[in-house]
Amino acid sequence: MSDKSVSSTAFTVLQGLVYMGLYSDHKYLVSEETCLNAQKIMSMSEVGSKRLAQCKSVFYHKIANIQEWALLPGIRLHYALRKRKIEQITKQAIENGCTQVINLGAGFDCLLWQLHDKYKQVNFIEVDHPTTSKYKKAALENDVDTDNFHFLEVDFSHQILQEELKRYPAFNPNLKTLFIAEGVLMYLSESDIRSLFSSMSKLIQQECTFCFTCLEPVQSEKNNTPWLLQLYLRMIGEPLQCVVDSKEMSGFLSEVNAELLSISDTNDMVAEFIQKPLNQALHHGEYVVLSKILN
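Numbering of residues starts from 1 in every chain and runs along the sequence as written. In view of the model being predicted, local features appear only for residues whose pLDDT reaches at least 70, and side-chain atom pairs are presented and counted only at 80 or more, with totals across whole chains, interfaces and linings using the full set of residues. Water and hydrogen atoms were dropped before computing side-chain values, which therefore reflect all heavy atoms in the structure.

Asker: Please clarify how the overall build of the chain should be interpreted in this entry.
Answerer: The secondary structure listing takes helices from DSSP runs of H or I that are at least 4 residues long and strands from runs of E that are at least 2 residues long, numbered from the N terminus. The helix and strand inventory of the chain stands at 12 helices and 7 strands. A radius of gyration in this sense is built from C-alpha atoms; the matching globule rule multiplies 2.2 Å by the number of residues raised to 0.38. Radius of gyration (C-alpha) of the chain: 18 Å, near the 19 Å computed for a compact globule of 295 residues. For the chain, the spread of C-alpha atoms along the three principal axes comes to 55 × 45 × 40 Å. For the chain, buried positions account for 54% of its 295 residues. Intrachain contacts of the chain at a sequence separation of at least 6 include 79% that bridge at least 24 residues. Surface exposure here means Shrake-Rupley accessible area, sampled with a 1.4 Å probe, where a residue is shielded only by the protein chains that are shown. Carbon and sulfur atoms make up 51% of the accessible area of the chain, which amounts to about 13700 Å² in all. Between the mean site of the 28 positive side-chain charges and the mean site of the 35 negative ones, the chain shows a separation of 3 Å. Residue burial is assigned from relative accessible area. The probe radius is 1.4 Å, only protein chains are included, and a residue is buried under 20% of its type maximum, exposed over 50%, and partly exposed in between. A contact between two residues is defined here by any heavy atoms of the two lying within 4.5 Å. Note that His is not counted, nor are the chain ends; the positive residues are Lys and Arg, and the negative ones are Asp and Glu. A charged residue contributes its charge at one atom only: NZ of Lys, CZ of Arg, CG of Asp or CD of Glu.

So this is what it looks like as C-alpha cells:
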C-alpha cells in the first residue's frame, strides 16, 4: 500500500506505543491486545514495517532516546498515558448510558475496535482519511463485527463532517453519543474547531459529550515543548495551529456552546496510572478535556 496522505505522526504514535508495550519500565500501561494490534497495523505498510523493525533494534532504542530528549522529552510515556485516560473516559461514558462513540481523526488508534466486541449495545464509528482507514481495514477486517463497528472515510480537504455523518447509514442522531478527537484539534484552525463544535451540536439530538486533547501555549510554564519540535512539525507538513491555556478552556467552551466537565494534565495522569517510580523526564503541555455539548 502507498503511504501517501498518512500522517507521519500517526506512525510515530504507533511506534511509541509498541516500544512502551514491549520494552519500557511501564509496559503495563499498554495492553497486550493494543500492542499486538499496533504491530499488525504497522506491518501493513512499508513505512510501518521499517518502524516496526526499528523497535526491535537495541541500537535504535539508544537513537530514539536521544531523539526524544531533543524533540519532546517523555513523549512515548505521554502517548500511553493519554490513551489510558481516553479509554477510561470512554468506558465510563458507556457505563453511564452512552450508546454511540465516534472517533474523529482516529488514525491508527484501536480503542473502538477493541471495545466493540465487549459492548455490543454500542455503535462505534471511526472517521478518518481513506488512506489511513485502508491500513486499519487491511489489518483488522477479518476480526471486525460490522454490526456495531464502522469505518467512515472522510477527506476533510473537500468533505464536511456534518454532511458525511448525516448521510452515513450507520450513524444514529438519536443515540447518546461520545465524540473523541485525540491529537487532532491542535492541527486545526480556530474557525475549523468552532465549526466542529457547531456540527456536533446540530448532529446529535440526545446528550452529547466530546473528549479531546489540547495544547497549552508554547510560552506557558505548563508546556515544556522545545522549539526544535515546532520546526520539525513544520518540516513534515504538520504545523501546530491552535492552542488554548487550560485555565481558559472553560471560557472557550462556553463560546462554542459547550460545558467543561473535566481536565487531566500530565501530573493528573501520572498520579492516576503510574505504578512504578519514574526515572525519566515527562512531557508537559498536552491535556485531556471532557466537555458536554449543549443543544
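Asker: Please explain unusual backbone geometry as it appears in this structure.
Answerer: Keep in mind that most residues, glycine aside, have a negative phi and that most peptide bonds are trans. In the Ramachandran plot, Asn-257 falls in the positive-phi region, its phi being about 60° despite a non-glycine side chain. Along the chain, Asn-257 falls in the loop between helix 11 (249–255) and strand 6 (258–264).

Asker: Looking at this structure, I do not really get the sheet that holds strand 5 (residues 208–215). What am I missing?
Answerer: Think of a sheet as strands paired side by side through backbone hydrogen bonds, with each pair either parallel or antiparallel. Strands are labelled as partners when DSSP assigns at least two bridges between them. Read from one edge of the open sheet, 7 strands run 3-2-1-4-5-7-6, paired in mixed fashion. Taken across any chain shown, the strands that pair with only one partner, and hence form the sheet edges, are strand 3 (149–153) and strand 6. Adjacent strand axes in the sheet meet at a mean angle of 20°, parallel and antiparallel pairs treated alike. Each of strand 2 (123–128) and strand 3 is contacted by helix 7 (residues 130–140), which is oriented at about 150° to strand 3, the strand it contacts most. Lines fitted to C-alpha atoms define the axes here, with helix axes fitted over just the stretch in contact, and angles between the N-to-C directions of these axes take values from 0 to 180 degrees.

All quantities given are derived from atomic positions and should not be read as evidence of function.
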